[in-house]
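What the coordinates show
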Amino acid sequence: MARIDLNSDLGEGFGIWQLGDDDAMLEIVTSANIACGFHAGEPAGLFRVCKLAAERGVRIGAQVGYRDLPGFGRRFMDIAAEDLLADVVYQIGALQAIAQACGSTVSYVKPHGALYNTIVTHCEQAAAVAEAVRMVDATLPVLGMTGSVFFEEATKLGLRTVAEAFADRAYRPDGQLVSRREPSAVLDDVTAIAQRALMMVTTGEVAAVDGTKVRISAESICVHGDSPGAVTIAAAVRDRLQTSGVEIRAFC
C-alpha cells in the first residue's frame with residue numbers, strides 16, 4: 001500500500017492578526033511546520049499551536065526562515081553564512097522549548113519561503129542551514145526538495161532528507177516551483193489539486209506549467225495553510241488519497 005505524510009505551514013499568525021485556520025488543519029495533516037517567530041508567529045500563538053498538535057498526535061516541525069516579518073520570509077536575503085547558521089539554531093531551539101513545554105518535541109526541520117527556494121541552488125546558505133540542524137540535533141530529518149544542494153549538504157553531514165512535493169503549487173519544467181510573483185504559482189481548483197496529489201503519490205509525476213511531465217519523489221505532500229480555501233483543499237486531498245487506498249501517516 002502506498003503511504004504519504006501530509007504537512008502544512010501553521011502558527012503563522014501574529015498577535016491579533018490570524019492567518020489560516022490552524023485548528024481545522026490540525027485535524028487533517030499529520031505533520032505541522034510551525035513558524036518560529038522570524039518570518040511569522042509569536043510565542044503565545046506558537047505555544048497554542050504546539051499544544052493542539054501535541055494533543056492530536058501531529059508531528060511538530062520547526063519552520064525556519066529568514067528574519068523578515070514584513071516580507072513574511074518570502075524575500076531573498078543576502079545573509080552571511082555564519083549569521084544564517086545562528087538564526088536557524090536560534091529558531092529550532094525556541095520552538096523546541098515550546099514544544100517540550102506542551103508535551104511534544106520538534107521532530108524535523110523545514111525551511112520556509114524564500115529560504116526554502118534559495119537553498120535549492122545556493123550552496124553557501126544550504127550548507128549553513130544543514131550545519132545548523134546538525135549542531136542542534138543530528139537526528140532531526142530535514143524536509144525539502146529532491147535534487148537541491150540543500151539535500152546534498154545535509155547528506156554530507158549524515159542528516160536524513162525527506163523529499164517533499166506541493167499539491168497546490170505550480171511546477172516549472174525543471175522541477176522547481178513557479179515563483180509566487182507569477183499569477184499561476186498557487187493553484188485553487190480543489191478537485192484538480194486532490195487529483196494532482198494522488199498522481200504524485202501513485203505515479204511519481206506532476207504536470208509542469210507547460211504541460212510536460214516532471215518526475216516527483218515525495219515522502220510528504222504540502223498543502224499550504226494560508227491559501228484561500230486551505231482547509232477545504234487539504235480535506236479534499238486527504239479524502240482523495242484515502243479513498244484511493246493511500247495510507248496517510250507521518251514520515252517520522
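Residues numbered from 1 in each chain as written. Predicted model: local features only at pLDDT ≥ 70, side-chain atom pairs only at ≥ 80, totals over all residues. Heavy atoms only, no water.

Comments concerning the side chain of Lys 110
Put simply, the rule reads: Numbering goes from the N terminus for both helices and strands, where a helix is a DSSP run of H or I of at least four residues and a strand is a run of E of at least two. Only protein chains enter the accessibility calculation, which uses a 1.4 Å probe. A residue is then buried if its area is under 20% of the maximum for its type, exposed if over 50%, and partly exposed in between. Polar contact is defined as a pair of N or O atoms within 3.5 Å, subject to the rule that within protein one atom must be able to donate a hydrogen and the other to accept it, and that residues adjacent in sequence are counted only when both atoms are side-chain atoms. The criterion used for residue contact is that any of the two residues' heavy atoms lie within 4.5 Å.
You can see Lys 110 is positioned in strand S4 (residues 106–111). What makes Lys 110 buried here is its relative accessible area of 3%. A distance of 2.7 Å separates a polar atom in the side chain of Lys 110 from a polar atom in the side chain of Glu 164. The contact partners of Lys 110, leaving out residues within four places of it in the chain, are Asn 7, Asp 9, Asn 33, Ala 62, Gln 63, Val 64, Tyr 116, Leu 143, Glu 164, Phe 166 and Cys 222.

Notes on helix H3 (residues 81–101)
Operational definition: To estimate the expected span of a helix, count its residues, drop one, and scale the result by 1.5 Å. For this quantity, the arc is that covered by the directions from the helix axis to the C-beta atoms.
Taking 1.5 Å per residue, 21 residues should reach 30 Å; H3 reaches 31 Å between its end C-alpha atoms and fits that length. Of all the positions in H3, only Ala 81, Leu 84, Asp 87, Val 88, Gln 91, Ile 92, Leu 95, Gln 96, Ile 98 and Ala 99 are classed as buried. Viewed along the axis of H3, the buried residues span an arc of 165°, placing them on a single side of the element. Exposed residues lying more than 90 degrees from the buried face of H3 are Glu 82, Tyr 90 and Ala 101. Those residues of H3 that are buried are in contact with strand S2 (31–35), helix H2 (43–56), strand S3 (59–64), S4, helix H4 (113–118) and helix H5 (123–136). Directly after H3, the chain includes Gly 103, whose backbone phi takes a positive value near 85°.

Overview of the nonpolar core
To keep things clear, this is the line we draw: Residues grouped as a nonpolar core are buried Ala, Val, Leu, Ile, Met, Phe, Trp, Tyr and Cys residues, joined through side-chain atoms within 4.5 Å.
Grouped together as the largest cluster of nonpolar side chains are 78 residues, with contacts concentrated most on Ile 221, Val 237 and Leu 241. For this core, the leading source of residues is H3, giving seven residues. Once residues lying within four places of it in the same chain are set aside, the contact partners of Leu 241 are Ile 4, Leu 6, Ala 197, Leu 198, Val 201, Val 246 and Ile 248.

Section: the packing of H3 against H5
The packing of two helices is summarised by the inter-axis angle and the distance between the axes. Operational definition: As a rule, the C-alpha atoms of each element are fitted with a line to give its axis, helices using only the stretch in contact, and angles between N-to-C directions run from 0 to 180 degrees. What sets the label is the angle itself: under 35 degrees gives roughly parallel, over 145 gives roughly antiparallel, 65 to 115 gives roughly perpendicular, and the rest give oblique. Note: crossing handedness is left-handed where the near helix turns anticlockwise from the far helix by less than a right angle, and right-handed where it turns clockwise.
At a minimum axis distance of 8 Å, the contact between H3 and H5 shows a crossing angle of 40°. Classified by the angle between their axes, H3 and H5 sit oblique to one another. Classified by chirality, the crossing of H5 by H3 is right-handed. On the side of H3, the interface is formed by Ala 81, Leu 84, Leu 85, Val 88, Val 89 and Ile 92, while H5 contributes Glu 124, Gln 125, Ala 128, Val 129, Glu 131, Ala 132, Val 133, Met 135 and Val 136.

A word on the pattern of salt bridges
In plain terms, the rule: Criterion for a salt bridge: a side-chain nitrogen of Lys or Arg within 4 Å of a carboxyl oxygen of Asp or Glu.
The final tally for this structure, using the stated rule, is 13 salt bridges. A single network of salt bridges, built from pairs that share partners, joins Asp 9, Lys 110 and Glu 164.

A look at the packing of aromatic side chains
Threshold: Classification of ring pairs rests on two measures: the distance between centres of Phe, Tyr or Trp rings, Trp counted by its six-membered ring, which must be within 6.5 Å, and the angle between planes, read as stacked under 30 degrees, edge-to-face over 60 and tilted in between.
If you walk through the whole model with that rule in mind, you get five aromatic pairs. A centroid spacing of 6.4 Å and a plane angle of 90° characterise the contact between Tyr 66 and Phe 76, whose relative ring orientation is edge-to-face. Residue Tyr 66 is located in the loop between S3 and H3, and its partner Phe 76 is located in the loop between S3 and H3; the two are separated by 10 residues in the primary sequence. Of the residues examined, Tyr 66 reaches a relative accessible area of 1% and is grouped as buried. We classify Phe 76 as partly exposed; its relative accessible area is 48%. Measuring from ring centre to ring centre gives 5.0 Å for Tyr 108 and Phe 251, while their planes differ by 65°; the resulting arrangement is edge-to-face. With Tyr 108 in strand S4 and Phe 251 in the segment after strand S10 (247–248), this pair connects stretches of sequence that are 143 residues apart.

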